[in-house]
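In case you want the letters, here they are:
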Amino acid sequence: MLVLETKNLTKKYKDTLAVDNVNITVEKGDIYALIGDNGAGKSTFLKMICNLVFPTSGEIFLFEKEYKQNVNDCLKKMGALIEHPALINNMTVEKLLQYYAYQKGVVEFNCDEILEITNILHKKKTKCKKLSMGQRQRVSLAISLLSDPEFIIFDEPINGLDPDGIIKFRNLILKLNRQRNTTFLISSHILSELEKIATKFAFLDNGLLIEEIKEDDLRKKLHKYISIKVENVELFSSLIDKEFPEVLYKVYPDNQIRIFDKVETKSLIELSNKYETSILEVKKVDSDLENYFMNLKRGAKNA
């Protein structure tokens, strides 16, 4: 089942295209990562999905229904942390949830169950002004769970959290996903966290979707490689072509060559000695999501 589908979704502010004809699909049970730099259009995109901003053009389908005709029904199945709800300092956590339940029109909910799921039950009677940043974040998550949503949207949910808070928040997402099959759409600048939990990835750059890819396919592309810096990059590239014609490599700025196939560093050093050309640096590198995104952007600009 498709939880979310967008077709040529576009948002224009005067002369600026914040989101430019974006097409994505989020399936039931996905933890879907939305990745992009500041100004890439992530928050605008998420706000359109949450009915906080109206598209200039394009279509949104939620739960396989056309959004415009089914806004209220769709919103009842969703929870979101886009602009964090204000925690009223003099209210206890319990009273705060009751307040937001009333605001959202939620008639019945189990306060203790929601607070237990979000690991904040022990602060039920605590006033919000006494909560830590991580605890406030978990209360915000509890608010988003009031309507027992099938689909939760987060915009930078772990900003400001310490390492322990980040781990707890990550585990919460995984717990909800595994136990309830809750679907998530998450935007974050902390790519190492997204890499740990996401099942599908979308990369935005200047409002454009430059790639949408499933986790298994992404893993195949995250090559380990050898990075070498050489004195004469043209000469060394030609030597690789000559001595290792089947090897995949790519030349980068600052006289760097990345070799993506299995070649022993010893063989590269022997090649350098044989033809009397200098290697300035050689190291083995595990490619990660950040490097992958940087290479995607570089490729998009050169296309």
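Rules and cut-offs
- Residues numbered from 1 in each chain as written.
- Predicted model: local features only at pLDDT ≥ 70, side-chain atom pairs only at ≥ 80, totals over all residues.
- Heavy atoms only, no water.
- Helix = DSSP H or I, 4+ residues; strand = E, 2+ residues; numbered from the N terminus.
- Buried < 20%, exposed > 50% of the residue type's maximum accessible area, 1.4 Å probe, protein only.
- Contact = heavy atoms within 4.5 Å.
- Areas by Shrake-Rupley, 256 points an atom, 1.4 Å probe, with all protein chains shown as cover.
- Lys, Arg positive; Asp, Glu negative; His and termini not counted.
- Charge placed at Lys NZ, Arg CZ, Asp CG, Glu CD.
- Pairing = 2+ DSSP bridges.
- Axes fitted to C-alpha atoms, helices over the stretch in contact; angles between N-to-C directions.
- Salt bridge = Lys/Arg side-chain N within 4 Å of Asp/Glu carboxyl O.
- Parallel < 35°, antiparallel > 145°, perpendicular 65-115°, else oblique.
- Left-handed = near helix turned anticlockwise from the far one by under 90°.
- Nonpolar A, V, L, I, M, F, W, Y, C, P; charged D, E, K, R; others polar.
- Phe/Tyr/Trp six-rings, centres within 6.5 Å; stacked < 30°, edge-to-face > 60°.

Topic: the overall build of the chain
A count of helices and strands for the chain gives 11 helices and 15 strands. By principal-axis analysis of the C-alpha atoms, the chain measures approximately 80 × 45 × 35 Å. Counting the 303 residues in the chain, one finds 47% classified as buried. Across the chain, contacts joining residues at least 24 apart in sequence account for 69% of those joining residues at least 6 apart. Accessible surface for the chain amounts to roughly 15,800 Å². Of this, 46% is attributable to carbon and sulfur atoms. Taking the average place of the 45 positive charges on the side chains of the chain and the average place of its 44 negative ones, the gap between the two points comes to 7 Å.

Overview of the sheet that holds strand E10 (residues 200–205)
Across the sheet, 6 strands lie side by side as E7-E8-E9-E4-E10-E11; this open sheet has mixed pairing. This sheet does not close on itself; its edge strands, each paired only once, are strand E7 (78–81) and strand E11 (208–214). Each adjacent strand pair in this sheet contributes to an overall mean axis angle of 15 degrees, direction not counted. In the sheet, E7 pairs with strand E8 (residues 151–155) via 4 bridges, with the strands oriented parallel. Residue Gly 79 lies in a different strand from E8, and its bridge partner there is Ile 152.

Some words on helix H1 (residues 42–49)
For H1, the tally of buried residues reaches 6 of 8 residues, placing the bulk of the element in the interior. Within H1 the residues assigned to the buried category are Lys 42, Thr 44, Phe 45, Leu 46, Met 48 and Ile 49. Just past H1, the residue Asn 51 takes up positive phi, approximately 65 degrees.

With respect to the pattern of salt bridges
On inspection of all chains with the given rule, the structure shows 14 salt bridges. Here Lys 28 ties to Glu 150 by a salt bridge, and the two come within 3.9 Å at their closest N and O atoms. Of this pair, Lys 28 sits in the loop between strand E3 (25–27) and strand E4 (31–35) while Glu 150 sits in the loop between helix H5 (133–144) and E8, and the two are 122 residues apart along the sequence. On the basis of relative accessibility, which here comes to 30%, the residue Glu 150 falls in the partly exposed class. Here Glu 215 and Arg 219 are joined by a salt bridge, their closest N and O atoms 3.5 Å apart. In this pair, Glu 215 and Arg 219 both sit in helix H8 (residues 215–221), 4 residues apart, roughly one turn of the helix. Overlapping salt bridges, with partners in common, bring together Glu 94, Asp 112, Lys 124 and Lys 125 in one network.

Section: the packing of H5 against helix H6 (residues 163–180)
With their axes 10 Å apart at the nearest point, H5 and H6 run at an angle of 20 degrees to one another. Taken together, the axis directions place H5 and H6 in an arrangement best described as roughly parallel. Considering how the two elements wind past one another, H5 and H6 form a crossing that is right-handed. Facing Gln 137, Arg 138 and Leu 141 of H5, the residues of H6 in contact are Lys 168, Phe 169 and Leu 172. Here the residues of the contact of H5 with H6 are counted per class, giving 3 nonpolar, 1 polar and 2 charged.

Re the sheet that holds strand E12 (residues 224–230)
As summarised here, the arrangement of the 4 strands in space is E13-E14-E12-E15, forming an open sheet in which the pairing is antiparallel. Taken across any chain shown, the strands that pair with only one partner, and hence form the sheet edges, are strand E13 (249–252) and strand E15 (279–286). With direction set aside, neighbouring strand axes in the sheet form an average angle of 20 degrees. For E13 and strand E14 (residues 256–259), the ladder comprises 4 bridges, and the chain directions are antiparallel. By the bridge assignment, Lys 250 is partnered in E14 with Arg 258.

So, the packing of aromatic side chains
What the rule picks out here adds up to 6 aromatic pairs. Judged by centre distance (5.2 Å) and plane angle (80 degrees), the rings of Tyr 99 and Tyr 100 are edge-to-face. Judged by its relative accessible area of 32%, Tyr 99 falls in the partly exposed class. On the numbers, 5.8 Å between centres and 25 degrees between planes, the contact of Phe 203 with Phe 293 is stacked. Of this pair, Phe 203 sits in strand E10 while Phe 293 is found in helix H11 (residues 289–302), placing the two residues 90 residues apart along the sequence.

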